[in-house]
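Geometric and topological summary
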There are 2 protein chains.
Amino acid sequence: MPAENLSFETAKRGQLAEPHVVEMRGFELFSGMPEDSFETLMRTTHVQAFPPRTMLITEAGPPDFLHVVLSGSVELFSNWNGRETSVATVRPVGTFILAASIRNAPYLMSARTLEESRVAMIPSEEVRAMFDSDAAFAHAIVNELAQCFRTVVKHNKDLKLRTSLERLANYLLREMQRNDATEFDLNTEKRRLASFLGMTPENLSRAFKGLEKHGLRVKGSRITIANLQDLTAFAKPSPLIDDFTT
Amino acid sequence: MPAENLSFETAKRGQLAEPHVVEMRGFELFSGMPEDSFETLMRTTHVQAFPPRTMLITEAGPPDFLHVVLSGSVELFSNWNGRETSVATVRPVGTFILAASIRNAPYLMSARTLEESRVAMIPSEEVRAMFDSDAAFAHAIVNELAQCFRTVVKHNKDLKLRTSLERLANYLLREMQRNDATEFDLNTEKRRLASFLGMTPENLSRAFKGLEKHGLRVKGSRITIANLQDLTAFAKPSPLIDDFTT
DNA sequence: CGTCCTTTTGAACATTGTCAAACACTGTGG
DNA sequence: CCACAGTGTTTGACAATGTTCAAAAGGACG
């Protein structure tokens, strides 16, 4: 209800009336800022809707904008020597390119939309300026960045400490949590999932088969965790790798 | 020379006279701070020397202190299900546990000294308080954190996009740069290097053999890059994975 | 010199990747 | 409605890569 009121009140003041601005005001990244700082930031921020499979940025490019995913989802990926790997999926309300924006260094990853998505783009200079002038924003930024860091470290541990079968099992347990149900759809292509988990599509296909011994049922993209105890005993999830809230 | 002067001048003012405090003042992390902020921070900071192979922190523990390596080197590693992997080596003047300190979240990694090392420990609360009250420190912190993030992302790409042979080849090229010489010593146990590169010691041993076809000579821990062109052609280093300055 | 630890080597084994083909699903156009 | 192409997934046979286990060789140090 406060949100609706705000939306209504600001509806007469030009740009700030736009729904996405109101929407963004509520995000953790901006919610602690005083109104005038927020308005300054929004003045140079552009929001754009993109169709599926649209390239947003290309690795090695100059870090012109901090990106904030407002709706849909965006894949971060990287290439080397003709190979490609999926690094992460960013969903609302996540940011990407934050570290590059702050350091004013080249992008390490490319990004493309997976589905129709709306993305806010804040000029990197403005991010750095606002970081210096607004303590609440600085606070939010460093928290977001620390979160990103910890996510990548966890991903790293996942890759180095586990076999592909174990990675898949733990991924499915995390998805179970996210969906809050033991039966759910993978809403990603399996080959993308394979790339994310660091394996080939063929190997993933066999890994799904392999997990049927441990309480999993797979039909197409429909996943059923038939025996949670079994799967958990096999996967041995750890908060220091699989908990994505801290 | 300015550093020596400072050292001499502050030699009469109690705690701040200690050499490590003078030393730390010069680090990028602190050099931009006004003197009083720095003094406040140093008041609760302790510096300690540790013998080799000393555990400094254990993963899952509470993030009491931000650690700064002043001399020696520290290994960050992690365990899961009876396995262990080496995640990074921190050298002067690097920090660790920064993200955990900021988010006040459990350590994701354990740390132990590799050699005799001096480590400064700043209470995490002080780090967070100083972040809020001193803009220059906030600036330095977020830059350091962004750097850490980018390093982990690069490591991730290295792992997922390359074979173990390619990872070793690129590692050696990076070491060549760090040593500024085509002949150098590995300053690390090979089994630790293997773990860092995500493979077994046996596999590393064979990988060294395998690189002899590409211009490498190995005698014990002595590495000679006999044919840089060959090795580079094989390794195909990329700034977006192997450049650790941005 | 002997002890302890790391590294190397060999051989068997397991896992993962590659390639080719079959299959399944989706949407198009006849 | 069907045939068809296009794409993604699965399967099988095989190759490459990586791991395990055991044992030998090398180094460091008392």
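Going by the structure above, here's the rest.
Residues numbered from 1 in each chain as written. Chains lettered and ligands numbered in written order. Predicted model: local features only at pLDDT ≥ 70, side-chain atom pairs only at ≥ 80, totals over all residues. Heavy atoms only, no water.

What about unusual backbone geometry?
P92(A) connects to V93(A) through a cis peptide bond whose omega is -10°. By the secondary structure assignment, V93(A) is in the loop between β5 (83-90) and β6 (95-96). If you check the backbone angles, D180(A) has positive phi at about 55° while not being a glycine. Take D180(A): it is sitting in the loop between α8 (164-179) and β9 (183-185). For N81(B), which is not glycine, the phi torsion reads 55° and is therefore positive. What makes N81(B) partly exposed here is its relative accessible area of 37%. (Helix = DSSP H or I, 4+ residues; strand = E, 2+ residues; numbered from the N terminus. Buried < 20%, exposed > 50% of the residue type's maximum accessible area, 1.4 Å probe, protein only.)

Observations regarding the protein's contact with DNA strand D
Around DNA strand D sit 13 residues in total, of which K190(A), R191(A), R206(A), K209(A) and S164(B) are the nearest. The protein-proximal atoms of DNA strand D, defined as those within 4 Å of the protein, are 62% sugar or phosphate. R206(A) is positioned such that a nitrogen or oxygen atom in its side chain is 2.4 Å from a base nitrogen of DNA strand D. Within the contact set of DNA strand D, a phosphate oxygen lies 3.3 Å away from a side-chain nitrogen or oxygen of N203(B). When residues of the surface near DNA strand D are traced back to their parent elements, those giving at least two are α9 (190-196) and α10 (201-211) of chain A together with α10 (201-211) of chain B. Ranked by the residues each element gives to the surface near DNA strand D, the list is headed by α10(A), at four residues. (Near = heavy atom within 4 Å. Polar contact = N/O pair within 3.5 Å; in protein donor to acceptor, adjacent residues only side chain to side chain.)

Brief notes about the relation of the copies chain A and chain B
Placing chain A over chain B gives an RMSD of 0.1 Å and needs a rotation angle of 180°, together with 0.0 Å of translation along the axis. Here the symmetry operator amounts to a two-fold rotation axis. Considering only C-alpha atoms, the part of chain A nearest the rotation axis is F149(A), at 2.5 Å. A share of 100% of the interface residues of chain A reappears at the interface of chain B, consistent with the copies meeting face to face through the same patch. (Least-squares fit on C-alpha atoms with pLDDT ≥ 70 in both. Contact = heavy atoms within 4.5 Å.)

Let's talk about the packing of helix α6 (residues 124-133) of chain A against helix α7 (residues 135-161) of chain A
All names here are of chain A. Two elements in contact, α6 and α7, have axes whose closest approach is 6 Å; the angle formed by their N-to-C orientations is 120°. As α6 runs across α7, the sense of the crossing is left-handed. Across the interface between the two elements, V127, M130, F131 and S133 from α6 touch A135, F137, A138 and I141 from α7. When grouped by side-chain class, the residues that make up the contact of α6 with α7 number seven nonpolar, one polar and no charged. (Axes fitted to C-alpha atoms, helices over the stretch in contact; angles between N-to-C directions. Left-handed = near helix turned anticlockwise from the far one by under 90°. Nonpolar A, V, L, I, M, F, W, Y, C, P; charged D, E, K, R; others polar.)

A short note on the sheet that holds strand β2 (residues 55-57) of chain A
Spatially, the four strands line up as an open sheet ordered β2-β7-β4-β5 (chain A), and their pairing is antiparallel. Looking at which strands have only one partner, the edges of the open sheet turn out to be β2 and β5 of chain A. Across this sheet, the average inter-strand angle for adjacent strands is 35°, counted without regard to direction. Summarising the sheet, strand β4 (residues 74-80) of chain A and β5(A) pair through seven bridges and their orientation is antiparallel. Across the sheet, residue W80(A) finds its bridge partner in β5(A), namely R83(A). Against the sheet, helix α7 (residues 135-161) of chain B touches β4 and β5 of chain A, its axis set at about 135° to β5(A). (Pairing = 2+ DSSP bridges.)

Function cannot be inferred from these measures alone, as they are strictly geometric.
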